[in-house]
Number of protein chains: 2
Amino acid sequence: MTEQGERQRAAPRFTRAFRQKFAELIAWRRDVRRFTGAPLDEARLDRLLELAMHAPSVGNSQPWRFVDVRTPALRQAIIAEFERCNAEALAAYDGERAGCYAQLKLAGLREAPVHLAVFSEENPQAGHGLGRATMPETVHYSTLMAVHTLWLAARAEGLGVGWVSILDPARVKAALDVPASWRFIAYLCIGEPCEEHLDPELVRHGWQAPLPIEVVVHRR
Amino acid sequence: MTEQGERQRAAPRFTRAFRQKFAELIAWRRDVRRFTGAPLDEARLDRLLELAMHAPSVGNSQPWRFVDVRTPALRQAIIAEFERCNAEALAAYDGERAGCYAQLKLAGLREAPVHLAVFSEENPQAGHGLGRATMPETVHYSTLMAVHTLWLAARAEGLGVGWVSILDPARVKAALDVPASWRFIAYLCIGEPCEEHLDPELVRHGWQAPLPIEVVVHRR
């Protein structure tokens with residue numbers, strides 16, 4: 001057992017006031033699809049990424065891989081791919097549901113100053129396999145922890161994050177030319193939001209209401 | 001478009017001081033395996049679960065399902081299952097790595113006052129399929145967002161969370177008798193931690209160092 005990694009610092013205390021503010025952060029984090037289009041200072045994105053590096057990961061495998069997509073032609077390819085997949089998704093709904101779906105704004109790809117594609121290294125050397133013999137999917141689960149860390153950090157900065165999942169993972173991988181061993185996890189739009197809401201857009205627009213806690217919490 | 005869900009409240013502002021404290025929360029969140037064994041007030045667990053309900057989810061599908069495992073015989077079955085899987089995992093390492101693995105404490109199942117099993121509904125009706133036609137796995141990704149929310153909320157309360165993934169999902173499902181449509185995601189130990197650290201246990205004990213950010217962040 002080596003103690004070399006330990007920096008001797010007193011553990012912080014978190015007050016009730018902090019917890020209340022943290023609960024507000026959780027409550028007011030939204031999936032944002034409406035961005036002002038204002039550019040984002042690179043240092044702010046760096047801060048979000050640095051914080052995301054502290055996310056938990058199985059065996060400390062740190063499998064998250066972020067691709068900051070800057071090239072206009074690549075962004076355009078992703079937008080086209082979203083539009084193709086979204087048209088297919090719409091075609092799968094009927095009647096009133098289809099009408100509702102068609103009116104939803106499901107991505108802010110054109111307006112967001114930052115496009116961040118998130119991948120997982122499928123079989124990272126880091127972590128030496130610890131904790132994933134029976135559940136290899138925990139590698140990807142770790143990457144989700146980093147996504148959520150970044151998301152909350154962005155909200156605390158007054159920035160919005162929108163997650164676009166209406167994409168074909170194989171096509172995204174091909175477009176962005178990433179290693180074969182990376183799994184596509186998420187495509188994030190990041191930028192200054194046009195508006196702030198306490199309720200999710202899909203609640204507000206009548207798509208899906210919150211579930212009662214009894215559906216979710218059980219006892220054995 | 002209905003506005004009925006919107007509660008008219010001013011959006012909160014998050015100060016630089018809050019962001020600094022939030023960064024400390026991220027930095028000091030640990031995977032805890034050493035619990036004092038002190039009982040946990042039920043209201044505190046409820047608070048964590050209520051906050052987790054605000055996690056983002058694909059199509060607002062809210063697929064997370066939490067099982068508060070109270071029955072001693074069920075807890076014992078999980079402990080036995082962990083010990084079986086952990087012995088198998090150890091057997092896969094050789095030499096120095098095996099020696100290091102054998103000395104790691106990888107779960108606090110015996111001491112933690114709360115055992116919380118986390119599942120995902122594989123095909124939730126909620127959300128009406130939105131956002132998951134091309135990426136059905138985003139249902140499970142949503143559940144990870146709830147896990148991470150709960151984890152941070154616990155840390156803000158001074159509570160530790162330890163994630164046990166060294167378990168066979170099929171056996172956990174069978175032991176806890178959950179619906180066939182639920183996927184096992186995580187088994188969490190929650191309680192008062194014995195100690196607090198800024199560096200992860202797996203770093204401190206020489207298993208896996210942090211990666212440089214260059215490995216993780218790329219540009220296209």
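Everything below is about the structure printed above this text.
Every value quoted in this text rests on a predicted model; they were computed, and no experiment measured them.

**Student:** Tell me about the relation of the copies chain A and chain B, residues and numbers included.
**Tutor:** Note on the copies: chain A fits chain B at an RMSD of 0.0 Å, the axial shift is 0.0 Å, and the rotation between them is 180 degrees. Here the symmetry operator amounts to a two-fold rotation axis. A shared interface surface links the copies, since 100% of the contact residues of chain A are contact residues in chain B too.

**Student:** Tell me what's going on with the packing of helix α3 (residues 72-91) of chain B against helix α6 (residues 169-176) of chain B, and back it up with residues and numbers.
**Tutor:** All names here are of chain B. Interaxial distance between α3 and α6 falls to 10 Å at its minimum, and their mutual angle equals 170 degrees. Relative to α6, the element α3 is oriented roughly antiparallel. Of α6, the residues touching α3 (which contributes Leu74, Ile78, Glu81 and Arg84) are Arg171, Val172, Ala175 and Leu176. Here the contact of α3 with α6 is built from residues that sort into 5 nonpolar, no polar and 3 charged.

**Student:** If you had to explain the sheet that holds strand β4 (residues 182-191) of chain A to someone new, which residues and values would you point to?
**Tutor:** Reading across the sheet, the 5 strands line up as β3(A)-β4(A)-β2(A)-β1(A)-β5(B) and stay open at both edges, with mixed pairing between neighbours. In this open sheet, the two strands that pair with only one neighbour each are β3 (160-164) of chain A together with β5 (217-219) of chain B. For this sheet, the mean inter-axis angle between neighbouring strands, taken without regard to orientation, is 30 degrees. By the bridge criterion, 6 bridges tie strand β1 (residues 64-69) of chain A to strand β2 (residues 114-121) of chain A in an arrangement that is antiparallel. Its bridge partner being in β2(A), Arg65(A) is matched across the sheet by Phe119(A). Helix α6 (residues 169-176) of chain A contacts β1, β2 and β4 of chain A of the sheet and is inclined by roughly 80 degrees relative to β4(A).

**Student:** Outline the sheet that holds strand β1 (residues 64-69) of chain B, listing residues and values.
**Tutor:** Read across the open sheet, the 5 strands follow the order β5(A)-β1(B)-β2(B)-β4(B)-β3(B); overall the sheet is mixed. The open sheet has two edge strands with one neighbour each: β5 (217-219) of chain A together with β3 (160-164) of chain B. Between one strand axis and the next, the sheet turns through 30 degrees on average, direction left out of account. In terms of strand pairing, β3(B) meets strand β4 (residues 182-191) of chain B through 5 bridges, oriented antiparallel. Bridging across to β4(B), Gly160(B) finds its partner in Gly191(B). Where helix α2 (residues 42-52) of chain B meets the sheet, it contacts β5 of chain A together with β1, β2 (114-121) and β4 of chain B, and its direction lies at approximately 170 degrees from that of β1(B).

**Student:** Could you give an account of α6(B), with specific residues and numbers?
**Tutor:** Each α-helix turn comprises 3.6 residues. Residues three or four places apart therefore point the same way. All names here are of chain B. Of all the residues in α6, the buried ones are Pro169, Val172 and Leu176. In a view along the axis of α6, the buried residues occupy a sector of 60 degrees, so they form one face of it. Summarising the geometry of α6, the exposed residues directed more than 90 degrees from the buried face are Ala170 and Ala174. Where the residues of α6 are buried, they touch β1, α3, β2 and β4. Two or three places before Ala170, at the opening of α6, Asp168 has a side-chain oxygen 2.8 Å from that residue's backbone nitrogen. Following α6 by one or two positions, Asp177 adopts a phi angle in the positive range, close to 55 degrees.

**Student:** Can you tell me about the pairing of β1(B), naming the residues and giving the values?
**Tutor:** For β1(B), the tally of buried residues reaches 6 of 6 residues, placing the bulk of the element in the interior. Across the two faces of β1(B) the burial is the same, with Trp64(B), Phe66(B) and Asp68(B) and Arg65(B), Val67(B) and Val69(B) all buried. Where β5(A) and β1(B) come together, 3 bridges link them in parallel fashion. Each bridged residue has a counterpart across the sheet, and for His218(A) the counterpart in β1(B) is Val67(B).

**Student:** Quick one: what's the story with the pattern of salt bridges, residue by residue and with numbers?
**Tutor:** Summed over all chains, the structure comprises 36 salt bridges over all chains. The residue Arg13(A) makes a salt bridge to Glu196(B) at a minimum N-O spacing of 3.3 Å. With Arg13(A) in the segment before α1 (16-28) and Glu196(B) in the loop between β4 and α7 (201-204), the pair connects residues from two separate chains. Judged by relative accessible area, which is 25%, Glu196(B) ranks as partly exposed.

**Student:** Just give me the short version of the packing of α1(A) against helix α5 (residues 138-156) of chain B, but keep the residues and values in it.
**Tutor:** Packed helices, taken two at a time, are described by the angle between their axes plus the distance between the axes. Close contact between α1(A) and α5(B) brings their axes to 10 Å; oriented N to C, the two are set at 170 degrees. In terms of their interaxial angle, α1(A) and α5(B) are classed as roughly antiparallel. Along this stretch, α1(A) crosses α5(B), giving a crossing that reads as right-handed. Every residue of α5(B) that contacts α1(A) at Phe18(A), Arg19(A), Phe22(A) and Ile26(A) is listed here: Thr149(B), Leu152(B), Ala153(B) and Ala156(B). Split into classes, the residues belonging to the contact of α1(A) with α5(B) amount to 6 nonpolar, 1 polar and 1 charged.

**Student:** Quick one: what's the story with the interface of chain A and chain B, residue by residue and with numbers?
**Tutor:** On the side of chain B, 108 residues touch chain A, which itself brings 108 residues to the contact. Summed over both sides, the interface of chain A with chain B buries roughly 9500 Å², with 63% coming from carbon and sulfur. On the surface where chain A and chain B come into contact, there are 4 salt bridges. Across the contact surface, chain A and chain B share 51 residue pairs in polar contact (both at pLDDT 80 or more). The element best represented in the side of chain A that touches chain B is helix α5 (residues 138-156) of chain A, accounting for 12 residues. Residue classes in the side of chain A that touches chain B are distributed as 60 nonpolar, 23 polar and 25 charged.

**Student:** Summarise the packing of aromatic side chains; cite the residues concerned and give the values.
**Tutor:** Tallied over the full model, the rule gives 18 aromatic pairs over all chains. Taking the centre distance of 5.5 Å and the plane angle of 45 degrees together, the rings of Phe119(B) and Trp182(B) count as tilted. Highlighted residues: Phe119(B) in strand β2 and Trp182(B) in strand β4, separated in sequence by 63 residues. Accessibility classification places Phe119(B) together with Trp182(B) in one group, the buried group. Ring pairs connect the aromatic residues Phe14(A), Phe18(A), Phe22(A), Phe14(B), Phe18(B) and Phe22(B), which therefore count as one cluster.

**Student:** Provide a residue-level description of unusual backbone geometry, including the pertinent values.
**Tutor:** All names here are of chain A. Positioned with a positive phi, Gln62 is a non-glycine residue whose angle comes to about 45 degrees. Along the chain, the position of Gln62 falls in the loop between α2 (42-52) and β1. Of note in the backbone geometry, His128 takes a positive phi value of approximately 50 degrees without being a glycine. On the secondary structure map, His128 appears in the loop between β2 and α5.

Conventions used here
Here the residue index of a chain counts from 1 through its sequence in written order. In the order they appear in the text, chains get letters beginning with A and ligands get numbers beginning with 1. The model is predicted, so local features are restricted to residues of pLDDT at least 70 and side-chain atom pairs to those at 80 or more, both for listing and for counting; the totals for chains, interfaces and linings are taken over all residues. Heavy atoms from the whole structure form the basis of all side-chain values; hydrogens and water molecules are not counted. We place the copies in one frame by least squares, fitting the C-alpha atoms of every residue whose pLDDT is at least 70 in both. Any two residues whose heavy atoms approach within 4.5 Å at even a single point are treated as in contact. A fitted line through C-alpha atoms serves as each axis, taken over the contacting stretch for helices, and the angle formed by two N-to-C directions is quoted from 0 to 180°. Strands are runs of DSSP state E lasting at least 2 residues, helices are runs of H or I lasting at least 4, and numbering of each runs from the N terminus. Note that the term roughly parallel is reserved for angles under 35 degrees, roughly antiparallel for angles over 145, roughly perpendicular for angles of 65 to 115, and oblique for everything else. Throughout this entry, Asp, Glu, Lys and Arg are counted as charged residues, while Ala, Val, Leu, Ile, Met, Phe, Trp, Tyr, Cys and Pro are counted as nonpolar. The remaining residues, Gly among them, count as polar. Following DSSP output, two strands are said to pair if at least two bridges run between them. Burial classes: relative accessible area under 20% of the type maximum marks a residue as buried, over 50% as exposed, and values in between as partly exposed (1.4 Å probe, protein chains only). The arc in question is the one traced by the directions running from the helix axis out to the C-beta atoms. For this analysis, a polar contact is any N or O atom pair within 3.5 Å, provided that within protein one partner can donate a hydrogen and the other can accept it, and provided that sequence-adjacent residues contribute only side-chain to side-chain pairs. What counts as a salt bridge is simple: a side-chain nitrogen of Lys or Arg found within 4 Å of a carboxyl oxygen of Asp or Glu. Take the far helix as your reference; a near helix turned counterclockwise from it by less than a right angle gives a left-handed crossing, and one turned clockwise gives a right-handed crossing. Buried area: the sum, over both parts, of the accessible surface (1.4 Å probe) that disappears when the two are put together. Here a Phe, Tyr or Trp ring, Trp counted by its six-membered ring, pairs with any other such ring whose centre lies within 6.5 Å, and the pair is stacked when the planes are under 30 degrees apart, edge-to-face when over 60, and tilted otherwise.

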